[in-house]
Amino acid sequence: AYEGLAYRRRQALHARAANAIASGERPEERAELLSLHFHHAGMFDRSLVFSAIAADRALEKFALVEAAAFYLRAIEAARRAQASAREIARLSEALGDVQERIGRYGEANAAYRTARRALTGDAIAEARLLLKQAWIPERSGRYPDALRWIRRGQRALEGLDGVEATRMRAHLSVWYAAVRQGQGRSREAIRWCREAIEQAQAADELDALAHAYFLLDWAYVDLGRAAEANYSNLALAIYERVGNLGRQATIWNNLGAFAYWGGRWQEALELYEKGRQLRLRLGDVVDAAMGTNNIGEILSDQGRHQEAEEHFREALRVWRAARFTQGVAFALGNLGRNASRMRRFGEAEEVLRQARVEFGHIGAEAEILEMGARLAETYLHEGRPAEALRLSDDALRRAHVLGGAGAAEPALMRIRGSALLRSGDLDGASVALLQSLELAQQRESDYDRALTLNAL
C-alpha cells in the first residue's frame, strides 16, 4: 500500500503522523519514530533534532549499530536543513566514535575527516580529531601511520598556551606512548607516559592521566620491572569516579595479564572474564575478543587444547571481520602454539609464520620475537634442534638490539638451552638454562620458572 502512494502523498502522511506524535507529552521519548516521520516528510530541521536525540538514546543503551544509523540520518538532515558547520562536525565526530567502537574503521575515519574539515581554524578541535584519526591505523596495526597522525596533532598545537591546549597535548603524548608500546618500544613508551603525566597533572586532565598510569604499568611489566608497576589501581579509581566503563574493562584485562604472567592463573581468568563481560555490555565486541583470546591462552597452558582452540577461533572470527590486524596476528600466534602442543607441527609452522608476517606488517617487534620463540619451540618438539637453535639465537640477537625481548626472553633462552641439550652440548645447555631461570625469576614468572627447572 505504501509503495503504491505518490511521493507527495507519502510526505503528507509522514508529516501528519509526525505532528500527531509530537503534539503529545514528552515527544523526545518517541524520538525514534519522530526521526523517521519528520525525515520522510522532508521536515529536516525537525528530523535533525529528533534523529540526534534518538542517536544519543541508543548510545546510552549501548545499541551502537542503531546509534550509528540515527547519527547518519541526523547528518543528512543537518546538511539538508543547512545547519551550521559546527553542528555537522559535532554529529560527524559522534558518528566516528560509534563506528570505531563497532570496528567499522573505514567509516569512522571518513566521519572524523568530515568533522575536521568542518572545524578548520579551531586548532584544539583539529588536534583532537587528528588524534582520533590516529586510532584507526593504530587499531589495524599500522603503527607508523598512527604516529604520523599524532605528530600532525602535536604540530597543530604549536605556539598555543592555556589549559585546553595542555590537556590535548597530554592525550597526544599518552597515545604516542601507546603506539610505541604496541611496537615493543617499552622504554620510549615510559618516557612519553612520564611526559603525559606531567602535562595531565598540570591541566587536571583525569582521562589522560589515568591512561598514562595503566600504560606505564604495562611497559614496566613488559620490561620485567613488575615491582615498579604500581599505577593501575590509581587509573582504575579515576575511571570509576568519572564512569568510564570502557577503560575500566581495559584495566581489568591488563590486570589479568599481570596475574597470568605472575602465575596466578585462576585470578587471571576471573579478571579477563570481568573485562570481557563489561566490553560485551558496552557493545564492543572487538575488545571483548581480547578477553576471549587471553582466556584461551590460559586454557592452552593448562593443556585444555580443544577448549583453547575454540576461544582462539572465536577471537579470530571477530577480528577478521573488523579488519583488526593486530588481533588477527595475536589469534594466529596462539592457534599456532596450540597446534604445536597438539603435535600438529605442519599446521603450527604455517600459522606461526603467518602470524610473524602479520606482526611484521605492523612493526610489532616484541611480538615478532615471541613468534620466533614459538616457532623455535615447535622445531624443538618436532625433533629439529639445529633449526630451533638457529631461530632462538637469531631472535636473541634481535632482542639485544631492541634492548630486551620482554616476556619472550626466558622462553627463548630456555629453548636455546634445550636445543643445545638435544645436540649434546651439556655445558652450553646448562649455561643457557641457568640464564633462563634467572630471567624468569626477575620477571616473577612462576610458569617460566617451572618449565626451566624441568628442563634443568
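Residues numbered from 1 in each chain as written. Predicted model: local features only at pLDDT ≥ 70, side-chain atom pairs only at ≥ 80, totals over all residues. Heavy atoms only, no water.

### A few points about the overall build of the chain
(1) Moving on: Check the secondary structure of the chain and you find 23 helices and 0 strands.
(2) Moving on: Taking the principal axes of the C-alpha coordinates as reference, the chain spans close to 90 × 55 × 35 Å.
(3) Moving on: Counting only residues that meet the buried cut, the chain has 54% of its 456 residues in that class.
(4) Moving on: For the chain, the separation between the mean place of its 63 positive charges and that of its 62 negative charges on side chains is 5 Å. (Helix = DSSP H or I, 4+ residues; strand = E, 2+ residues; numbered from the N terminus. Buried < 20%, exposed > 50% of the residue type's maximum accessible area, 1.4 Å probe, protein only. Lys, Arg positive; Asp, Glu negative; His and termini not counted. Charge placed at Lys NZ, Arg CZ, Asp CG, Glu CD.)

### Notes on the packing of helix α2 (residues 31-40) against helix α4 (residues 64-80)
(1) Moving on: At a closest axis distance of 11 Å, the pairing of α2 and α4 adopts a crossing angle of 35 degrees. Classified by chirality, the crossing of α4 by α2 is left-handed. Contact residues: α2 offers E32, S35, L36 and H39, while α4 offers F70, R73, E76 and A77.
(2) Moving on: Across the contact of α2 with α4, the residue classes tally to 3 nonpolar, 2 polar and 3 charged. (Axes fitted to C-alpha atoms, helices over the stretch in contact; angles between N-to-C directions. Left-handed = near helix turned anticlockwise from the far one by under 90°. Contact = heavy atoms within 4.5 Å. Nonpolar A, V, L, I, M, F, W, Y, C, P; charged D, E, K, R; others polar.)

### Section: the packing of helix α1 (residues 7-22) against α2
(1) Moving on: Across the interface, α1 lies against α2 with an axial gap of 7 Å and an inter-helix angle of 145 degrees. You can see that α1 and α2 cross each other, and the crossing is left-handed. For the pair α1 and α2, the contacting residues are Q11, H14, A17, A18, N19, I21 and A22 in the first and L33, L34, H37, F38 and H40 in the second.
(2) Moving on: Split by residue class, the contact of α1 with α2 holds 7 nonpolar, 5 polar and no charged.

### Description of helix α14 (residues 265-281)
(1) Moving on: With 17 residues, α14 should reach 24 Å at 1.5 Å per residue; the first-to-last C-alpha distance of 24 Å fits that figure.
(2) Moving on: Residues of α14 that are buried: W265, A268, L269, L271, Y272, G275, L278 and R279.
(3) Moving on: Here the buried face of α14 lies against α13 (245-261), α15 (285-301) and α23 (446-455).
(4) Moving on: At the C-terminal side of α14, G283 shows a positive phi close to 80 degrees. (Expected span 1.5 Å × (residues − 1).)

### Comments concerning unusual backbone geometry
(1) Moving on: Phi angles above zero are rare outside glycine, and F62 is one such case at about 60 degrees.
(2) Moving on: Here F62 shows up in the loop between α3 (44-60) and α4.
(3) Moving on: For F62, a relative accessible area of 26% corresponds to the partly exposed category.
(4) Moving on: Positive phi is not limited to glycine here, since R343 has a value of about 65 degrees.
(5) Moving on: Here R343 lies in the loop between α17 (325-341) and α18 (345-362).
(6) Moving on: Overall, the relative accessible area of 56% leaves R343 in the exposed class.

### As for the side chain of S300
(1) Moving on: Structurally, the position occupied by S300 is in helix α15.
(2) Moving on: A distance of 2.8 Å separates the side chain of S300 from the side chain of N338, its partner in a polar contact.
(3) Moving on: In this structure the side chain of S300 is engaged in a polar contact, spanning 2.8 Å, whose partner is the side chain of R341.
(4) Moving on: In contact with S300, not counting residues within four places along its chain, are H305, A308, F312, N338 and R341. (Polar contact = N/O pair within 3.5 Å; in protein donor to acceptor, adjacent residues only side chain to side chain.)

### Observations regarding the confidence of the model for the chain
(1) Moving on: Predicted confidence across the chain gives a mean pLDDT of 91, with 99% of residues reaching 70 or more.
(2) Moving on: The weakest mean pLDDT in the chain belongs to helix α20 (residues 385-402) at 84; the strongest belongs to helix α10 (residues 186-203) at 96. (pLDDT = per-residue confidence, 0-100.)

### Description of the pattern of salt bridges
(1) Moving on: Under the criterion given, the structure shown has 37 salt bridges.
(2) Moving on: When the shortest N-O distance is used, the salt bridge between R353 and E349 registers 3.7 Å. In this pair, R353 and E349 are both assigned in helix α18, 4 residues apart and thus about one turn of the helix distant.
(3) Moving on: Using a relative accessible area of 37% as the deciding quantity, one classes R353 as partly exposed.
(4) Moving on: Given the relative accessible area of 10%, E349 is considered buried.
(5) Moving on: With its nearest N and O atoms 2.1 Å apart, the salt bridge here joins D446 to R449. Of this pair, D446 and R449 both sit in helix α23, separated by 3 residues, roughly a single helical turn.
(6) Moving on: One continuous salt-bridge network, built from bridges that share partners, spans E349, R353, E382, R384 and E387. (Salt bridge = Lys/Arg side-chain N within 4 Å of Asp/Glu carboxyl O.)

### What about a nonpolar patch on the surface?
(1) Moving on: There is a patch of nonpolar side chains on the surface, built from L434, L453 and L456 and spanning about 280 Å² of accessible area.
(2) Moving on: Here L434 is to be found in helix α22 (residues 426-442).
(3) Moving on: When its relative accessible area of 46% is taken as the criterion, L434 is described as partly exposed. (Patch = residues over 30% accessible without salt bridge, like charges linked within 9 Å, V, L, I, M, F, W, Y side chains within 5 Å. Areas by Shrake-Rupley, 256 points an atom, 1.4 Å probe, with all protein chains shown as cover.)

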